[in-house]
Amino acid sequence: MPCTENTLRKAAQTLLDGGLVVFPTETVYGLGGDALNKQAISRIYNVKSRPLGHPLIVHFSSLGSLNIWTQNIPEYAVKLAKSFWPGPMTLILPRTGTAKDYITGKQNCVGVRIPDQKIALSLLREFEKMGGLGVAAPSANRFGKISPTSAKNVFEDLDKYLAKNDLILNDGICQIGLESTIIDCRFSKPQILRPGPITEKMIHDLCNLQITLPINNSKKRLRVSGSLKKHYAPQAKVFLDGIPRENDGLIALSTHDTPEGVIRLANPKNVQEFANQLYSALRLGDKMNIKKIFVYPPSGIGLELAIKDRLIKML
Ligand code: TXA
Ligand code: MG
């Protein structure tokens with residue numbers, strides 16, 4: 001559904017009535033439900049076929065809502081919020097009583113984010129004007145599959161699982177195309193749980209603190225999406241090195257040539273375009289029933305790390 005003012009009002013009302021609304025963000029499309037409505041949240045799990053207990057990110061439109069959902073916020077987290085919101089960053093913070101177990105997976109912390117996308121922000125503002133406090137939204141894909149970067153992707157993945165009154169808001173292709181950076185802000189130093197568009201350097205430059213990366217195999221580790229071994233996976237087998245042969249797929253920077261007979265799925269000119277086209281190119285490969293897709297991710301320590309992180313989980 002295209003997004004007129006009327007549609008946005010209808011969408012906000014749908015959320016308040018316990019329905020689900022798929023909405024665009026600058027990262028990927030989210031499957032939204034009223035974060036205070038247990039039934040709506042339970043439907044999100046059903047539609048995604050996501051295991052219970054996997055926590056959800058609460059989205060709101062302004063910094064004023066931070067204290068509704070979180071408490072004991074370290075100074076560096078306030079800095080991060082003020083600098084990078086609205087934006088592709090999720091902060092994990094100690095929760096208030098407003099963030100219930102069914103949002104946090106019974107953990108005593110909650111993930112929060114202000115997205116930087118005009119339809120998302122308008123929807124959240126409208127919802128808050130009507131009395132809502134926050135919209136819980138995971139990526140709008142079936143569990144373990146690739147996140148959707150267009151409304152068309154969502155429609156193909158979820159339409160048959162959504163109810164008649166649920167809505168999909170269409171605002172074309174997501175500007176970034178990879179999920180937000182998740183930063184654990186419960187301790188004296190930030191810890192990146194999921195690399196993303198807000199990079200380690202950006203965080204370090206702002207906070208001047210040492211940043212920890214996730215500790216693998218720790219039982220104490222938070223349940224972060226993609227921390228499962230296989231995640232975000234297409235049907236095709238993904239290879240990060242080796243040489244593609246006839247009828248294999250290839251995703252690489254435009255400086256790489258396409259060997260004869262190989263199916264070029266994306267031809268991005270730079271790392272931003274790479275991130276932006278990666279998921280749709282993998283989806284295209286699946287649609288074409290390609291069995292092997294070779295992906296040559298650009299090297300670097302910025303957004304490149306987020307691209308690598310997602311790809312490694314597909315292997
Ligand atoms: O870019 C994004 O972050 C998108 C858009 C829609 O905002 N959302 C997204 O949500 O990627 P999701 O659920 O697919 O991945 C976010 C992950 C969750 O799987 C969860 O593991 C982690 O964030 N998370 C959320 N709340 C958490 C919490 N309280 N503690 C630990 N991890 C949490
Ligand atoms: Mg997801």
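Reading the values: the criteria
Residues numbered from 1 in each chain as written. Chains lettered and ligands numbered in written order. Predicted model: local features only at pLDDT ≥ 70, side-chain atom pairs only at ≥ 80, totals over all residues. Heavy atoms only, no water. Pairing = 2+ DSSP bridges. Helix = DSSP H or I, 4+ residues; strand = E, 2+ residues; numbered from the N terminus. Domains from an automatic or database assignment. Contact = heavy atoms within 4.5 Å. Buried area = accessible area lost by both parts, 1.4 Å probe. Salt bridge = Lys/Arg side-chain N within 4 Å of Asp/Glu carboxyl O. Axes fitted to C-alpha atoms, helices over the stretch in contact; angles between N-to-C directions. Buried < 20%, exposed > 50% of the residue type's maximum accessible area, 1.4 Å probe, protein only.

**Concerning the sheet that holds strand β4 (residues 89-94)**
Line of reasoning, step 1. In spatial order, the strands read β7-β1-β2-β6-β3-β5-β4-β8-β9; together these nine strands make up an open sheet with mixed pairing. At either margin of the open sheet sits one strand with a lone partner, and together these are β7 (167-168) and β9 (191-194).
Line of reasoning, step 2. The pairing of strand β8 (residues 181-184) with β9 spans three bridges and is antiparallel. Residue pairing for β9: Ile-183 is matched across the bridge by Ile-192.

**What about the domain arrangement of the protein chain?**
Line of reasoning, step 1. Taken as a whole, the protein chain is organised into domain 1 (5-207) and domain 2 (237-312).
Line of reasoning, step 2. Every contact between the two is made by 22 residues of domain 1 and, on the other side, 14 residues of domain 2.
Line of reasoning, step 3. Roughly 1400 Å² is buried in total at the junction of domain 1 and domain 2, and carbon and sulfur atoms are behind 55% of that figure.
Line of reasoning, step 4. When residues of domain 1 are sorted by the area they lose upon contact with domain 2, Ile-146, Leu-178 and Pro-195 head the list and together hold 41% of the total.
Line of reasoning, step 5. Counting the contacts that link domain 1 with domain 2 gives three salt bridges.

**Comments concerning the sheet that holds strand β10 (residues 237-239)**
Line of reasoning, step 1. In space, the four strands of this open sheet follow the order β10-β13-β11-β12, with parallel pairing throughout. Unpaired on one side and paired on the other, β10 and β12 (263-266) mark the two borders of the sheet. Pairs of neighbouring strands in the sheet enclose a mean axial angle of 30 degrees, with direction left out of account.
Line of reasoning, step 2. The pairing of strand β11 (residues 249-252) with β12 spans three bridges and is classified as parallel. By the bridge assignment, Leu-250 is partnered in β12 with Arg-264.
Line of reasoning, step 3. In this fold helix α9 (residues 271-287) packs onto β10, β11, β12 and β13 (292-296), with an angle of close to 170 degrees to the strand it touches most, β13.

**Here we look at the environment of Ile-198**
Line of reasoning, step 1. When you line up the elements, Ile-198 lands in the loop between β9 and α8 (200-207).
Line of reasoning, step 2. When its relative accessible area of 5% is taken as the criterion, Ile-198 is described as buried.
Line of reasoning, step 3. The residues contacting Ile-198, other than those within four sequence positions of it, are Phe-84, Pro-88, Met-89, Thr-181 and Ile-203.

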